[in-house]
Amino acid sequence: MRIRRAGSLWIVASTAFLAAAPFFLSTYWILILTEILTMSLFAMSFNLLFGYTGLLSFGQAGIFGAGGYLAVLSLLHGPSSLWGAFAAALAGSALISLVIGWFCVRRDEIYFAILTLGFGMMLFTVAHNWRSLTGGSDGLGGFTLPPLDLFVWRGSLADPRHFYFLVLAVALIGAILLYRMVNSPFGLMLRSIRENTQRLSFVGADVRAVRLCAFVVAGTLAGIAGVLFAFFNRIASPEMLHWAFSGKAVLMTILGGSGVLLGPAVGAAIFFVLEHVITAYTTNWMVFLGAILIVLVLAFPRGVLGSLLDLVQRYRGRPRS
Amino acid sequence: MEAFFANLLNGLSWGMLLFLISMGLTTVFGVMGVLNFAHGSLFMLGAYLCLQFVRWTGSFWIGLILGPPLVAALSVLIERFLLRPLYGRDVSLQLLLTFGLMLFLDDGVRLIWGAAYHVVNPPEVLSGSVALFSRSYPLYRLFLVILGPIVGIGLWAFFTYTLWGKLLRAAATDRQMAEIVGVRVPVLFTAVFAFGAWLAAVGGALAAPHQSVGPAMGERIIIESFIVVVIGGMGSFPGAFVGALVLGLLHSFGTTFFPQLQMALPYILLAVILLIRPRGLFGAES
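Residues numbered from 1 in each chain as written. Chains lettered and ligands numbered in written order. Predicted model: local features only at pLDDT ≥ 70, side-chain atom pairs only at ≥ 80, totals over all residues.

A. Broad picture of the overall build of chain A. Helices and strands together make up the secondary structure of chain A, namely 14 helices and two strands. What you see for chain A is a C-alpha radius of gyration of 19 Å, in line with the 20 Å of a compact globule of 321 residues. Here chain A holds 321 residues, and the buried ones make up 47% of them. Relative to all contacts within chain A whose residues are 6 or more apart in sequence, the contacts with residues 24 or more apart total 74%. (Helix = DSSP H or I, 4+ residues; strand = E, 2+ residues; numbered from the N terminus. Rg over C-alpha atoms; globule rule 2.2 N^0.38 Å. Buried ≥ 20, exposed ≤ 12 C-beta atoms within 10 Å, placed from the backbone. Contact = placed C-beta atoms within 7 Å.)

What follows is the structure in structure tokens.
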């Protein structure tokens with residue numbers, strides 16, 4: 001019980017820090033925090049599949065990018081409404097992940113990884129080659145970000161601090177949603193799929209349907225993260241859909257720890273801080289990232305947050321379930 | 001007709017390079033159960049080492065002969081110290097480790113040789129072109145097209161008739177049983193991994209005069225060879241051969257007839273095949 005209390009204390013403290021950050025941090029750091037939060041949401045959506053359901057998706061970026069493009073397209077061709085753009089991306093990425101998921105959840109492990117990679121790259125090709133709609137390799141920009149309309153309060157999103165609060169709110173909602181989900185009976189089913197697919201189907205569960213459900217939720221959240229990413233950069237670009245971008249979500253998750261809900265968020269933070277520290281010395285920071293990933297996989301497969309929690313547990317003399 | 005033959009030749013020569021690298025990938029997967037993300041990086045390393053030897057000695061053949069064993073030696077270390085601790089653990093961990101290795105090697109190459117693209121000239125004997133059907137074709141591409149099947153048959157003979165080949169197949173079929181009858185499986189695994197890396201590096205060295213040598217070449221070919229291996233059936237040699245040819249031809253004919261779709265064609269093919277035949281064209285149903 002004490003551990004749980006200590007844990008929630010940490011969460012409350014860091015949420016308070018994030019909420020108060022715009023009042024004492026410089027704009028530079030606010031921008032970095034915005035990026036971290038956006039990628040946290042993306043990586044957490046990936047981890048619902050990887051950490052909880054045992055499905056390694058290398059196509060998550062495809063849906064992430066599709067969300068970004070849909071939101072920008074809705075702003076360019078539709079009403080200039082922020083909520084309209086979010087709604088378009090939400091519906092679109094849910095639909096896309098329903099279609100892709102329907103095919104992919106039939107396969108396990110490596111086949112799932114390759115299939116999702118394939119579908120993600122099909123989406124990449126659409127974004128890259130359909131020049132008249134998506135602007136091709138230049139990306140799709142040139143839109144004006146509508147003001148944030150909260151009915152009681154309106155503010156321009158051109159202000160990085162306003163934009164930060166929007167991202168923080170969306171990321172928090174996403175995290176709470178995922179928390180409720182993985183701690184529900186449905187979340188238990190996801191974990192049992194990870195542990196033993198056969199046994200779960202023996203007790204009568206429809207493994208495909210459960211997986212598909214997780215795939216759609218993960219895809220929708222990834223799409224929303226993609227909207228934030230495209231809005232933040234003022235452009236939706238094909239790189240957002242490339243499998244290498246999915247690799248980023250994978251990296252962040254492993255860095256932070258795939259067994260913990262907030263692991264990917266911690267991983268995203270470490271990723272950006274490392275990037276800033278290392279790129280100050282060399283542009284070839286992927287060498288270091290690769291080396292770090294190798295060491296983590298070999299020595300700390302539970303990631304930074306996961307290993308820290310293990311350490312705390314051991315210190316308190318309680319075995320983790 | 002001429003365009004058809006040009007496409008055919010381009011497709012076949014690219015297909016043969018794909019075949020070489022897919023053979024290593026599928027062997028390593030078939031025997032060890034490891035899908036090696038860094039396999040494309042080993043291919044790239046083969047090309048860069050060839051480039052380096054050409055710079056030092058001026059001879060492509062020296063690069064082709066000396067480069068691949070160096071890559072194989074490196075992969076012995078990789079297998080022994082990085083992969084071995086992960087056997088028997090989650091498959092995803094192996095995939096992630098090789099993914100990290102890929103990032104490391106790809107950027108490491110950029111660190112050593114720079115981000116620019118380099119050109120390696122074909123050896124004197126194979127430079128120039130030949131006239132076929134009233135058009136001239138680069139001789140080097142023809143050489144690749146002829147070399148591919150020879151290597152394929154050689155490997156097939158190796159796996160079918162030699163003791164080592166039989167040991168490998170035994171370990172691939174049933175690792176435990178092979179261990180019980182006294183096969184030193186850990187040594188075998190190291191050998192298989194090194195062999196796969198050697199094949200990839202040979203492919204890379206052969207690719208050096210065929211395309212420009214740059215840091216992105218590994219990333220590109222690894223995805224295509226994943227598709228080849230999955231389409232053909234993981235661990236299947238005939239599958240790798242057919243898959244590589246299909247993908248090579250799809251590449252060249254797709255560029256001519258469906259330029260807009262060409263990039264997506266391999267992925268569409270992948271999805272269709274996996275839905276119709278989940279284990280690939282030549283894969284054994286489990």
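B. Examining the overall build of chain B more closely. Per the secondary structure count, chain B includes eleven helices and two strands. Listed by position from the N terminus, the elements making up chain B come as α-α-α-α-β-β-α-α-α-α-α-α-α. Principal axes of the C-alpha set define a box for chain B whose edges measure 60 × 50 × 35 Å. By the burial criterion, 50% of the 286 residues in chain B qualify as buried. Counted over contacts in chain B with a minimum sequence separation of 6, partners at least 24 positions apart contribute 74%.

C. Looking closely at the confidence of the model for chain B. Residue and element names in this part refer to chain B. Averaged over all residues, the pLDDT of chain B equals 84, while 97% of them reach at least 70. The lowest-confidence element of chain B is strand S1 (residues 129-132), averaging 72 in pLDDT; the highest-confidence one is helix H2 (residues 39-57), averaging 91. The ipTM value of the predicted complex is 0.82, and its pTM value is 0.87. (pLDDT = per-residue confidence, 0-100.)

D. Layout of the interface of chain B and chain A. Opposite the 31 residues of chain B that make contact, chain A presents 30 residues. Elements supplying a minimum of two residues to the side of chain B that touches chain A: helix H4 (91-113), helix H9 (217-232) and helix H11 (265-276) of chain B. With 16 residues, H4 of chain B is the single largest residue contributor to the side of chain B that touches chain A. In the side of chain B that touches chain A, the residues fall into 24 nonpolar, four polar and three charged. (Nonpolar A, V, L, I, M, F, W, Y, C, P; charged D, E, K, R; others polar.)

E. Broad picture of the packing of H2 of chain B against helix H3 (residues 60-83) of chain B. All names here are of chain B. Remark: H2 packs on H3, axes separated minimally by 8 Å, with the N-to-C direction vectors making an angle of 135°. Considered as vectors, H2 and H3 are oriented oblique to each other. Regarding H2 and H3, the two cross each other, and that crossing is right-handed. Between H2 and H3, the residues in contact are Leu42, Leu45, Gly46, Leu49, Cys50, Phe53, Val54 and Thr57 and Phe60, Ile62, Gly63, Leu64, Leu66, Gly67, Pro68, Leu70, Val71 and Ser75, respectively. (Axes fitted to C-alpha atoms, helices over the stretch in contact; angles between N-to-C directions. Parallel < 35°, antiparallel > 145°, perpendicular 65-115°, else oblique. Left-handed = near helix turned anticlockwise from the far one by under 90°.)

F. The arrangement of unusual backbone geometry in detail. Residues and elements named next belong to chain A. Positive phi values are uncommon outside glycine, yet Arg234 reaches one of about 60°. Structurally, Arg234 is set in the loop between helix H10 (207-233) and helix H11 (243-256). Looking at Arg234, the number of C-beta atoms within 10 Å reads 14, which means it is partly exposed.

G. Representation of the nonpolar core within the structure. By size, the foremost hydrophobic cluster in this structure holds 196 residues, and its most contacted members are Ala71 and Leu293 of chain A together with Ala47, Cys50 and Ala201 of chain B. Not counting the four nearest positions on each side in its chain, Ala71 of chain A is found in contact with Ala85, Phe86, Ala88, Ala89, Val227 and Ala230 of chain A. (Core = buried A, V, L, I, M, F, W, Y, C linked by C-beta atoms within 7 Å.)

H. Summary view of the packing of helix H2 (residues 27-52) of chain A against H11 of chain A. Residue and element names in this part refer to chain A. In contact at an axis separation of 9 Å, H2 and H11 are set at 80° when each is read in the N-to-C sense. Here H11 runs roughly perpendicular to H2, going by the angle between their axes. Note on element contacts: H11 touches H2 through Ala249, Val250, Met252 and Thr253, opposite Met39, Phe42, Ala43, Phe46, Asn47, Phe50 and Gly51. Split into classes, the residues belonging to the contact of H2 with H11 amount to eight nonpolar, three polar and no charged.

I. Looking closely at helix H13 (residues 285-299) of chain A. Look at H13 of chain A: 21 Å from first C-alpha to last across 15 residues, which is about the 21 Å you get at 1.5 Å a residue. Of the residues making up H13 of chain A, those classed as buried are Met286, Leu289, Gly290, Ile292, Leu293, Ile294, Leu296 and Val297 of chain A. Elements in contact with the buried residues of H13 of chain A: H11 and helix H14 (303-316) of chain A together with H3 and H4 of chain B. (Expected span 1.5 Å × (residues − 1).)

J. Inspection of the environment of Leu82 of chain A at higher detail. Residue and element names in this part refer to chain A. You can see Leu82 is positioned in helix H4 (residues 82-104). The class of Leu82 is buried, set by 20 C-beta atoms lying within 10 Å. Counting along the chain gives 41 residues from Leu82 to Leu41, while the straight-line C-alpha distance between them is 19 Å. Look past the residues within four positions of Leu82 in its chain and what remains in contact with it is Pro146, Leu148 and Asp149.

K. Representation of the environment of Pro238 of chain A within the structure. Residues and elements named next belong to chain A. With respect to the helices and strands, Pro238 occurs in the loop between H10 and H11. Expressed as a C-alpha distance, the spacing of Pro238 and Phe86, which sit 152 residues apart in the sequence, is 19 Å. In contact with Pro238, other than residues within four places in its own chain, are Phe124, Ala127, His128, Ser137 and Gly139.

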